[in-house]
Amino acid sequence: MGLNAALQVPTTAERPRDNGFALVGSRCGQCGAAAFPARAVCHRCGTAAPAEHTFAATGVLLTYTTVHVPRPGLPAPYTLGQIALDDGGPMVFGQVRTDGDEPEAGMAVQVRIGETPRYWFVPERFAG
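Residues numbered from 1 in each chain as written. Predicted model: local features only at pLDDT ≥ 70, side-chain atom pairs only at ≥ 80, totals over all residues. Heavy atoms only, no water.

- An unreviewed UniProt entry annotates the chain as Zn-ribbon domain-containing OB-fold protein originating from Amycolatopsis albidoflavus.

Structure representation (structure tokens):
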């Protein structure tokens, strides 16, 4: 399959980013690289049209920061985190909601899907 196949892939805005339960991206069948959002061409090896892939809905919070000066329209403070998904998916960044508890690096988190923001993470102990 040549790079012309990448031209047939829907644009980033048209590709699904979630399935209602987990994040959806792409995984390259050639080298195994994962990406979120999905890519038309593998960022690691250049293979065209990596396969759509649903990632694990769970992961580990690697690091986080609390934002006190927000972008317009978002109430502060809020926490942003870097999450390693459990299935070897890509590192993803998103809002971490802990209901007032201090987040901890290394804690298990689970993705939540919504409207605004499109997705966020909660500690697994809140996921039940």
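**Focus: the side chain of Thr-98**
- The residue Thr-98 is located in the loop between β6 (91-96) and β7 (108-113) in this model.
- A residue is classified by how much of its surface remains accessible, and Thr-98, at 8% relative accessible area, is buried.
- Looking at Thr-98, its side chain comes within polar contact range of the main-chain oxygen of Asp-101, at 2.4 Å. (Helix = DSSP H or I, 4+ residues; strand = E, 2+ residues; numbered from the N terminus. Buried < 20%, exposed > 50% of the residue type's maximum accessible area, 1.4 Å probe, protein only. Polar contact = N/O pair within 3.5 Å; in protein donor to acceptor, adjacent residues only side chain to side chain.)

**Some points on the sheet that holds strand β1 (residues 24-27)**
- Strands sit in the order β2-β1-β3 across an open sheet of 3 strands; the sheet is antiparallel. In this open sheet, the two strands that pair with only one neighbour each are β2 (34-35) and β3 (51-54).
- Sheet analysis places β1 next to β2, joined by 2 bridges and oriented antiparallel. Across the sheet, residue Ser-26 finds its bridge partner in β2, namely Ala-35. (Pairing = 2+ DSSP bridges.)

**With respect to the nonpolar core**
- Judged by nonpolar contacts, the single largest core of 14 residues is most densely connected at Leu-23, Ile-83, Val-92 and Phe-121.
- Listed by contribution, the elements that provide at least two residues to this core are β5 (78-85), β6, β7 and β8 (119-123).
- Among residues more than four places away in sequence, those in contact with Phe-121 are Leu-23, Ile-83, Leu-85, Val-92, Gly-94, Gln-95, Val-96, Arg-97, Val-109, Gln-110 and Val-111. (Core = buried A, V, L, I, M, F, W, Y, C linked by side-chain atoms within 4.5 Å. Contact = heavy atoms within 4.5 Å.)

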